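Here is what each chain is made of, one letter per residue.
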Amino acid sequence: MIRTPADLRISIDSAGLERRIDELALVSEAPAPVVTRVLFSEADLRGRDYVRRAAREAGLAVREDAVGNIFARWEGSEPGLPAVGSGSHTDAIPNAGRYDGVVGVLGAFEALAALKRSGFKPRRSLEVVMFTSEEPTRFGLGCLGSRLMAGSISVEKAQALRDREGRSLDELRAAAGYKGPLSAVRLAPGTYHAFVELHIEQGPILDAGKIPIGIVEHIAGPSSYRVTLHGEGGHAGAVLMPVRHDAMLAGAEIALAVERAAKASGSPDTVGTVGVFRIEPGAVNSVPFRAYLEIDLRDARMDTRSKALAEIRSAAAEACAARGVRMEFEEINADPPADGDQETVAIAEQVCAELGLRSLRMVSRAYHDSLFMARVSPTTMIFIPCRNGWSHRPEEYASPEHIASGAEVLAHTMARLSA
Ligand SMILES: [Zn+2]
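Quantities reported herein were computed from a predicted structural model and do not represent experimental measurements.

A. Local environment of the sheet that holds strand 11 (residues 271-280). One open sheet holds the four strands; their spatial order is 11-13-9-14, and the pairing between them is antiparallel. If you trace the sheet from one side to the other, it starts and ends with strand 11 and strand 14 (326-334), each paired once. With strand direction ignored, the average angle separating the axes of adjacent strands in the sheet is 15 degrees. Note that strand 9 (residues 221-230) and strand 14 share eight bridges and pair antiparallel. Along strand 14, the bridge assignment pairs Leu-229 with Met-327. Of the strands in this sheet, strand 9, strand 11, strand 13 (290-299) and strand 14 touch helix 8 (residues 247-263), which is tilted by about 175 degrees from strand 11. Across the sheet, helix 9 (residues 302-323) is in contact with strand 9, strand 13 and strand 14; its angle to strand 13 comes to roughly 165 degrees.

Pasting the structure below:
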């Protein structure tokens, strides 16, 4: 029988959860209020100690895998069944805030602790994961832990990763105490019956609409491309206009093509950005002979993203041909978008309705570990508002009430999924 919130009395210890969020925020490479915890830095290792301790305080059994994903488990009455998972990350980019990721780890611990206090007994095991390196700071690639779990990155590719100092993943994880083959990180099929990640929205929709809960139906897939343009330089006075091969102007046409293609893709969720644009030699009296662009293209749908990319590529080729500029167009990374599981979404939605909390179905525009968990498990995310949509900055803020509501919805949703 599936228990309803009416006969399951869950009381989230909001003050305790706030205290733990505050304590973890102090584990940082930079002074408060800045939170910086880069993968396998000294602060990240202390953060991991804190997470293990908090998991044990919540009465959960802790284990870790070869890349440092931390699992905190509450064994169900039928431990052989696929478990119900939750979790997020605790690494933080330089100059970040205290809620991104952390709410989904410490909040999930509190959700399970509250279920324990209520006397609930899960049939399926309940498990919280702290994923290694959701942020791309160290290796330039995000969601390393969940990618490996889902088999979305090969072991060879993971082993080839290097940080800015040239250190490899194997070297750094060994120094952090994580040994054993990376191949063992990959989840066996059917490990999770469902996965639900609690996270701050990192966008303004819930805050502006005063809606306490968002339920994620689609997660946008990020992709990025590197464009190098080789033109011909020369004196800005001496090289006349008809014979120029200006790499910067070809780049400018490409940047405008990115905007045009994203707007005309047919999906409101297509977004295209040229966030890097460098030219050489960068002198006022010199025709740019080289331009270097990086394009970020995201969408909740694959077909419209592919269409936009094709248009960008053909417009770029055309602009370069017309200007006599040679182009290299290289994919840096391209992850397909993921859909939330409709049944899991509906359960979370029903929980909100029964708790009297307004909820909104949403697209997650940022990527999360759930993008990869969705490849191996029915998945959704529970979003809570954050002030002005601010994230990845020290002013990031989510209220204790919203965090507690998110943890409560998570607890009930996991309880139902575990029945
Ligand atoms: Zn995050």
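B. Layout of unusual backbone geometry. Note the cis peptide between Ala-32 and Pro-33, where omega equals 5 degrees. With respect to the element layout, Pro-33 can be found in the loop between helix 1 (14-25) and strand 1 (35-37). Across the junction of Glu-280 and Pro-281, the peptide omega takes the value 5 degrees, indicating a cis bond. Note on placement: Pro-281 falls in the loop between strand 11 and strand 12 (286-287). One non-glycine residue with positive phi stands out, namely Phe-40, at about 60 degrees. Overall, Phe-40 belongs to the buried group, its relative accessible area being 9%. Non-glycine residue His-392 carries a positive phi angle of around 55 degrees. Along the polypeptide, His-392 turns up in the loop between strand 17 (379-384) and helix 12 (400-418). Given the relative accessible area of 33%, His-392 is considered partly exposed.

How each quantity is defined
Along every chain, residues carry numbers that run from 1 in the direction the sequence is written. Given that this is a predicted model, residues contribute local features only at a pLDDT of at least 70 and side-chain atom pairs are listed and counted only at 80 or more, while totals for whole chains, interfaces and linings are drawn from all residues. Excluded from the side-chain calculations are hydrogens and water; all other atoms, namely the structure's heavy atoms, are used. Strands are treated as partners if at least two bridges between them are detected by DSSP. For helices the rule is a DSSP run of H or I covering at least 4 residues; for strands it is a run of E covering at least 2, with both sets numbered from the N terminus onward. Helix axes use the C-alpha atoms of the stretch in contact, all axes being lines fitted to C-alpha atoms, and the angles between their N-to-C directions lie in the range 0 to 180 degrees. In what follows, residue pairs with any heavy atoms lying within 4.5 Å of each other are defined as contacts. Only protein chains enter the accessibility calculation, which uses a 1.4 Å probe; a residue whose area is less than 20% of its type maximum is buried, one above 50% is exposed, and one in between is partly exposed.

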